[in-house]
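Analysis of the macromolecular model
Now for the letters of each chain:
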Amino acid sequence: MSGAGKASGRSSTDEAATRKRGRSLAALGYIQPQTYEELRAVLSSGTVHFPKRLRQVAIFLWQHPSDVALGTIAQVAAQAGVQPSTLVRFAQIFGYSGFSDFQGLFKDHVKGSWPEGRGEQRTEAEPNLHFLHGMVGASQASLGRIESGFDVESFEKMVALLAAADLIYVIGSKRAFPVTTYLSLTLSQQGVRNLLVDNVGSTAIDQVGCIGKGDAVLAVSFSPYNSITPDLVAVAHERKARIVTITDSTFSPLVRLSDSWLEVVESDFAGFRSLAASLAVGMALVHGVVARRSK
(Lines give C-alpha, C1' and ligand atoms only; values in the text may rest on other atoms or scores of the structure.)
Protein backbone atom coordinates (compact mmCIF):
# COMPACT_ATOMS: atom_id res chain seq x y z
CA MET A 1 0.00 0.00 0.00
CA SER A 2 1.29 3.50 -0.81
CA GLY A 3 1.99 6.13 1.86
CA ALA A 4 -1.10 8.04 0.78
CA GLY A 5 -3.15 4.86 1.02
CA LYS A 6 -1.88 4.13 4.51
CA ALA A 7 -2.63 7.70 5.63
CA SER A 8 -6.11 7.43 4.18
CA GLY A 9 -6.62 4.13 5.97
CA ARG A 10 -5.54 5.62 9.29
CA SER A 11 -7.80 8.63 8.76
CA SER A 12 -10.78 6.38 8.07
CA THR A 13 -9.99 4.33 11.16
CA ASP A 14 -9.73 7.45 13.34
CA GLU A 15 -13.02 8.80 11.99
CA ALA A 16 -14.74 5.47 12.61
CA ALA A 17 -13.37 5.36 16.16
CA THR A 18 -14.56 8.90 16.80
CA ARG A 19 -18.05 8.08 15.49
CA LYS A 20 -18.13 4.96 17.65
CA ARG A 21 -17.23 6.91 20.79
CA GLY A 22 -19.79 9.54 19.87
CA ARG A 23 -22.49 6.88 19.56
CA SER A 24 -21.55 5.41 22.94
CA LEU A 25 -21.77 8.85 24.57
CA ALA A 26 -25.11 9.47 22.90
CA ALA A 27 -26.40 6.20 24.35
CA LEU A 28 -25.40 7.44 27.80
CA GLY A 29 -27.15 10.75 27.23
CA TYR A 30 -23.87 12.65 27.32
CA ILE A 31 -23.72 14.05 23.81
CA GLN A 32 -22.99 17.76 23.40
CA PRO A 33 -22.80 19.18 26.94
CA GLN A 34 -24.13 22.72 26.98
CA THR A 35 -21.92 24.14 29.76
CA TYR A 36 -18.40 23.69 31.06
CA GLU A 37 -19.85 22.23 34.27
CA GLU A 38 -21.76 19.60 32.27
CA LEU A 39 -18.56 18.71 30.42
CA ARG A 40 -16.69 18.28 33.72
CA ALA A 41 -19.50 16.07 35.00
CA VAL A 42 -19.14 13.80 31.96
CA LEU A 43 -15.35 13.66 32.23
CA SER A 44 -15.47 12.85 35.94
CA SER A 45 -18.18 10.19 35.57
CA GLY A 46 -15.70 7.48 34.61
CA THR A 47 -17.92 6.34 31.74
CA VAL A 48 -15.74 7.83 28.98
CA HIS A 49 -12.43 6.13 28.26
CA PHE A 50 -10.01 8.01 26.02
CA PRO A 51 -6.91 6.83 24.17
CA LYS A 52 -3.63 8.43 25.24
CA ARG A 53 -3.71 11.65 23.19
CA LEU A 54 -7.38 12.42 23.85
CA ARG A 55 -6.84 11.73 27.54
CA GLN A 56 -3.99 14.26 27.42
CA VAL A 57 -6.43 16.80 25.96
CA ALA A 58 -9.04 16.03 28.62
CA ILE A 59 -6.55 16.63 31.43
CA PHE A 60 -5.47 19.95 29.92
CA LEU A 61 -9.05 21.14 29.38
CA TRP A 62 -9.92 20.16 32.95
CA GLN A 63 -7.03 22.11 34.44
CA HIS A 64 -6.83 25.18 32.18
CA PRO A 65 -10.32 26.36 31.12
CA SER A 66 -9.22 29.99 30.78
CA ASP A 67 -6.35 29.12 28.46
CA VAL A 68 -8.76 27.11 26.33
CA ALA A 69 -11.27 29.97 26.26
CA LEU A 70 -8.76 32.61 25.22
CA GLY A 71 -6.37 30.75 22.94
CA THR A 72 -6.45 29.89 19.26
CA ILE A 73 -6.63 26.23 18.34
CA ALA A 74 -2.91 26.30 17.55
CA GLN A 75 -2.07 27.84 20.92
CA VAL A 76 -4.23 25.43 22.88
CA ALA A 77 -2.83 22.46 20.97
CA ALA A 78 0.74 23.59 21.67
CA GLN A 79 0.04 24.03 25.37
CA ALA A 80 -1.66 20.63 25.57
CA GLY A 81 1.18 18.99 23.63
CA VAL A 82 -1.01 17.64 20.83
CA GLN A 83 -1.85 18.42 17.21
CA PRO A 84 -4.78 20.79 16.43
CA SER A 85 -6.55 17.90 14.72
CA THR A 86 -6.64 16.09 18.07
CA LEU A 87 -8.61 18.98 19.57
CA VAL A 88 -11.08 18.76 16.69
CA ARG A 89 -11.49 15.02 17.25
CA PHE A 90 -12.08 15.62 20.95
CA ALA A 91 -14.79 18.21 20.22
CA GLN A 92 -16.49 15.88 17.74
CA ILE A 93 -16.76 13.15 20.38
CA PHE A 94 -19.12 15.44 22.25
CA GLY A 95 -21.24 16.27 19.24
CA TYR A 96 -19.57 19.51 18.13
CA SER A 97 -18.66 20.12 14.52
CA GLY A 98 -15.26 21.53 15.43
CA PHE A 99 -13.13 23.10 18.10
CA SER A 100 -14.47 26.65 17.70
CA ASP A 101 -18.01 25.61 18.64
CA PHE A 102 -16.71 23.48 21.50
CA GLN A 103 -14.59 26.39 22.74
CA GLY A 104 -17.78 28.33 23.44
CA LEU A 105 -18.31 26.26 26.60
CA PHE A 106 -15.06 27.62 27.99
CA LYS A 107 -15.69 31.21 26.87
CA ASP A 108 -19.03 31.23 28.66
CA HIS A 109 -17.37 29.76 31.75
CA VAL A 110 -14.79 32.54 32.10
CA LYS A 111 -16.99 35.39 30.84
CA GLY A 112 -17.25 38.29 33.23
CA SER A 113 -14.09 37.47 35.19
CA TRP A 114 -10.38 37.90 34.69
CA PRO A 115 -8.72 34.87 33.15
CA GLU A 116 -6.99 32.54 35.61
CA GLY A 117 -3.40 33.46 36.16
CA ARG A 118 -3.75 36.72 34.23
CA GLY A 119 -4.07 39.55 36.68
CA GLU A 120 -2.80 43.06 36.18
CA GLN A 121 -0.27 43.13 33.37
CA ARG A 122 3.11 44.54 34.36
CA THR A 123 5.97 45.69 32.18
CA GLU A 124 9.29 45.30 33.94
CA ALA A 125 12.66 46.41 32.69
CA GLU A 126 14.27 43.74 34.89
CA PRO A 127 13.51 40.20 33.58
CA ASN A 128 13.86 38.65 37.04
CA LEU A 129 11.24 41.00 38.46
CA HIS A 130 8.95 40.16 35.56
CA PHE A 131 9.30 36.48 36.37
CA LEU A 132 8.79 37.11 40.09
CA HIS A 133 5.56 39.01 39.43
CA GLY A 134 4.44 36.25 37.10
CA MET A 135 5.00 33.57 39.74
CA VAL A 136 3.24 35.67 42.36
CA GLY A 137 0.28 36.00 39.99
CA ALA A 138 0.23 32.26 39.36
CA SER A 139 0.30 31.58 43.11
CA GLN A 140 -2.54 34.03 43.71
CA ALA A 141 -4.61 32.42 40.97
CA SER A 142 -4.02 28.96 42.46
CA LEU A 143 -5.02 30.10 45.94
CA GLY A 144 -8.06 31.94 44.61
CA ARG A 145 -9.26 28.80 42.86
CA ILE A 146 -9.11 26.90 46.17
CA GLU A 147 -11.20 29.53 47.94
CA SER A 148 -13.86 29.55 45.25
CA GLY A 149 -14.48 25.80 45.07
CA PHE A 150 -13.25 23.98 48.17
CA ASP A 151 -14.73 20.53 48.89
CA VAL A 152 -15.29 20.80 52.64
CA GLU A 153 -16.85 17.34 52.96
CA SER A 154 -13.87 15.59 51.37
CA PHE A 155 -11.47 17.68 53.45
CA GLU A 156 -13.19 16.72 56.72
CA LYS A 157 -13.14 13.05 55.77
CA MET A 158 -9.43 13.25 54.98
CA VAL A 159 -8.73 14.84 58.37
CA ALA A 160 -10.70 12.11 60.16
CA LEU A 161 -8.92 9.27 58.36
CA LEU A 162 -5.46 10.72 58.99
CA ALA A 163 -6.20 11.52 62.63
CA ALA A 164 -7.29 7.92 63.29
CA ALA A 165 -4.19 6.34 61.72
CA ASP A 166 -1.49 4.56 63.72
CA LEU A 167 1.15 5.80 61.30
CA ILE A 168 0.81 8.20 58.36
CA TYR A 169 2.85 7.42 55.25
CA VAL A 170 3.49 10.62 53.29
CA ILE A 171 4.05 9.85 49.61
CA GLY A 172 4.94 12.14 46.70
CA SER A 173 7.73 12.39 44.17
CA LYS A 174 9.12 14.75 41.55
CA ARG A 175 7.22 18.06 41.70
CA ALA A 176 5.12 16.83 44.63
CA PHE A 177 8.14 15.95 46.76
CA PRO A 178 8.70 19.47 48.18
CA VAL A 179 5.08 19.42 49.36
CA THR A 180 5.27 16.01 51.04
CA THR A 181 8.64 16.81 52.62
CA TYR A 182 7.25 19.91 54.29
CA LEU A 183 4.05 18.17 55.40
CA SER A 184 6.05 15.31 56.93
CA LEU A 185 8.31 17.77 58.76
CA THR A 186 5.33 19.70 60.13
CA LEU A 187 3.54 16.52 61.25
CA SER A 188 6.68 15.48 63.11
CA GLN A 189 7.01 18.89 64.75
CA GLN A 190 3.43 18.54 65.98
CA GLY A 191 4.08 15.10 67.44
CA VAL A 192 2.17 13.12 64.79
CA ARG A 193 3.92 9.86 63.87
CA ASN A 194 4.60 9.70 60.15
CA LEU A 195 7.01 8.28 57.60
CA LEU A 196 8.17 10.27 54.59
CA VAL A 197 8.58 7.86 51.67
CA ASP A 198 11.57 9.54 50.06
CA ASN A 199 12.80 6.67 47.83
CA VAL A 200 16.44 7.26 48.80
CA GLY A 201 18.48 4.47 47.26
CA SER A 202 15.39 3.33 45.31
CA THR A 203 13.93 1.90 48.53
CA ALA A 204 10.39 3.27 48.21
CA ILE A 205 8.74 -0.15 47.89
CA ASP A 206 10.64 -1.33 50.97
CA GLN A 207 9.63 1.80 52.86
CA VAL A 208 5.94 0.94 52.46
CA GLY A 209 6.58 -2.76 53.05
CA CYS A 210 5.17 -2.76 56.59
CA ILE A 211 2.07 -0.67 55.93
CA GLY A 212 -1.14 -2.15 57.36
CA LYS A 213 -4.85 -1.54 57.73
CA GLY A 214 -4.36 0.62 60.81
CA ASP A 215 -2.21 3.07 58.85
CA ALA A 216 -3.04 5.82 56.40
CA VAL A 217 -1.41 7.31 53.33
CA LEU A 218 -1.29 11.00 52.50
CA ALA A 219 -0.38 11.09 48.81
CA VAL A 220 0.30 14.08 46.57
CA SER A 221 0.51 13.70 42.80
CA PHE A 222 0.25 15.98 39.76
CA SER A 223 -0.05 15.37 36.03
CA PRO A 224 1.51 13.86 33.95
CA TYR A 225 1.29 11.14 36.68
CA ASN A 226 4.49 9.42 35.53
CA SER A 227 6.07 9.00 38.96
CA ILE A 228 6.34 6.01 41.29
CA THR A 229 3.55 7.37 43.50
CA PRO A 230 0.64 5.39 41.93
CA ASP A 231 2.57 2.12 42.38
CA LEU A 232 3.24 2.85 46.05
CA VAL A 233 -0.36 3.86 46.72
CA ALA A 234 -1.52 0.67 44.99
CA VAL A 235 0.54 -1.37 47.49
CA ALA A 236 -1.09 0.51 50.37
CA HIS A 237 -4.53 -0.05 48.86
CA GLU A 238 -3.93 -3.80 48.60
CA ARG A 239 -2.98 -3.87 52.28
CA LYS A 240 -6.19 -2.10 53.32
CA ALA A 241 -4.58 1.13 54.49
CA ARG A 242 -6.75 4.25 54.28
CA ILE A 243 -5.70 6.59 51.49
CA VAL A 244 -6.23 10.33 51.10
CA THR A 245 -4.93 12.24 48.13
CA ILE A 246 -4.20 15.74 46.91
CA THR A 247 -4.15 15.67 43.10
CA ASP A 248 -5.08 17.89 40.18
CA SER A 249 -7.82 16.12 38.23
CA THR A 250 -10.27 13.25 38.16
CA PHE A 251 -7.94 11.55 35.66
CA SER A 252 -5.29 10.96 38.29
CA PRO A 253 -4.67 7.21 38.82
CA LEU A 254 -4.80 7.88 42.57
CA VAL A 255 -8.47 8.83 42.54
CA ARG A 256 -9.79 5.29 42.17
CA LEU A 257 -7.49 4.12 44.98
CA SER A 258 -8.42 6.85 47.44
CA ASP A 259 -10.95 6.88 50.26
CA SER A 260 -11.13 10.65 49.84
CA TRP A 261 -9.35 13.18 47.63
CA LEU A 262 -9.12 16.89 46.97
CA GLU A 263 -8.58 18.57 43.63
CA VAL A 264 -5.87 21.24 43.66
CA VAL A 265 -4.99 22.80 40.30
CA GLU A 266 -1.88 24.96 40.28
CA SER A 267 -1.42 27.79 37.78
CA ASP A 268 1.89 28.25 36.00
CA PHE A 269 4.00 31.04 34.59
CA ALA A 270 6.56 30.61 31.80
CA GLY A 271 6.43 26.85 32.23
CA PHE A 272 6.94 26.91 36.02
CA ARG A 273 4.03 25.77 38.15
CA SER A 274 3.18 27.20 41.55
CA LEU A 275 2.93 24.97 44.64
CA ALA A 276 1.18 27.57 46.77
CA ALA A 277 -2.28 26.01 46.81
CA SER A 278 -0.97 22.47 47.40
CA LEU A 279 1.05 23.66 50.40
CA ALA A 280 -1.89 25.64 51.77
CA VAL A 281 -4.27 22.68 51.54
CA GLY A 282 -1.63 20.33 52.95
CA MET A 283 -0.95 22.58 55.92
CA ALA A 284 -4.69 22.87 56.58
CA LEU A 285 -4.83 19.06 56.69
CA VAL A 286 -1.97 18.94 59.18
CA HIS A 287 -3.69 21.56 61.34
CA GLY A 288 -6.95 19.63 61.20
CA VAL A 289 -5.28 16.35 62.18
CA VAL A 290 -3.48 17.93 65.13
CA ALA A 291 -6.66 19.66 66.32
CA ARG A 292 -8.70 16.48 66.06
CA ARG A 293 -6.12 14.40 67.94
CA SER A 294 -5.95 16.96 70.76
CA LYS A 295 -9.67 16.67 71.55
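Please refer to the structure placed before this passage.
Calculation notes
Residues numbered from 1 in each chain as written. Predicted model: local features only at pLDDT ≥ 70, side-chain atom pairs only at ≥ 80, totals over all residues. Heavy atoms only, no water. Helix = DSSP H or I, 4+ residues; strand = E, 2+ residues; numbered from the N terminus. Phe/Tyr/Trp six-rings, centres within 6.5 Å; stacked < 30°, edge-to-face > 60°. Buried < 20%, exposed > 50% of the residue type's maximum accessible area, 1.4 Å probe, protein only. Pairing = 2+ DSSP bridges. Expected span 1.5 Å × (residues − 1). Contact = heavy atoms within 4.5 Å. Polar contact = N/O pair within 3.5 Å; in protein donor to acceptor, adjacent residues only side chain to side chain.

Attention now goes to unusual backbone geometry. Working note: non-glycine residues mostly have negative phi, and peptide bonds are mostly trans. In the segment running from serine 223 into proline 224, the intervening peptide bond is cis, with an omega of 15°. For proline 224, the position within the fold is in the loop between strand 3 (216–221) and helix 12 (229–238). Phi is positive for lysine 240, which is not a glycine, with a value near 70°. Within the fold, lysine 240 resides in the loop between helix 12 and strand 4 (242–247).

Once that is clear, we can look at the packing of aromatic side chains. Within the structure shown, the criterion is met by 11 aromatic pairs. On the basis of an interplanar angle of 45° and a centroid distance of 5.3 Å, the ring pair of phenylalanine 90 and phenylalanine 94 is categorised as tilted. What makes phenylalanine 90 buried here is its relative accessible area of 0%. Residue class for phenylalanine 94 comes out buried when judged on its relative accessible area of 0%. An aromatic cluster of at least three residues, connected via ring pairs, comprises Phe50, Phe90, Phe94, Tyr96, Phe102 and Phe106.

The subject of this paragraph is the pairing of strand 5 (residues 260–263). As a general feature of sheets, a regular strand has side chains that alternate between the two faces. Side-chain alternation along strand 5 places Ser260 and Leu262 on a buried face and Trp261 and Glu263 on a face that remains uncovered. In this sheet, strand 5 lies alongside strand 4 in parallel orientation, the contact comprising 4 bridges. Along strand 5, the bridge assignment pairs valine 244 with serine 260.

Turning our eyes to something else, we now look at helix 9 (residues 152–163). Compared with the 16 Å implied by 1.5 Å per residue over 12 residues, the 16 Å span of helix 9 between its first and last C-alpha is a close match. Buried residues of helix 9: Ser154, Phe155, Met158, Val159, Leu161, Leu162 and Ala163, and no others. Those residues of helix 9 hidden inside the fold are in contact with strand 1 (168–171), strand 3, strand 4, strand 5 and helix 13 (276–293). The N-cap of helix 9, judged by a side-chain oxygen 3.4 Å from the amide nitrogen of glutamate 153 a few residues on, is aspartate 151.

Keep in mind these numbers describe shape, not what the thing actually does.
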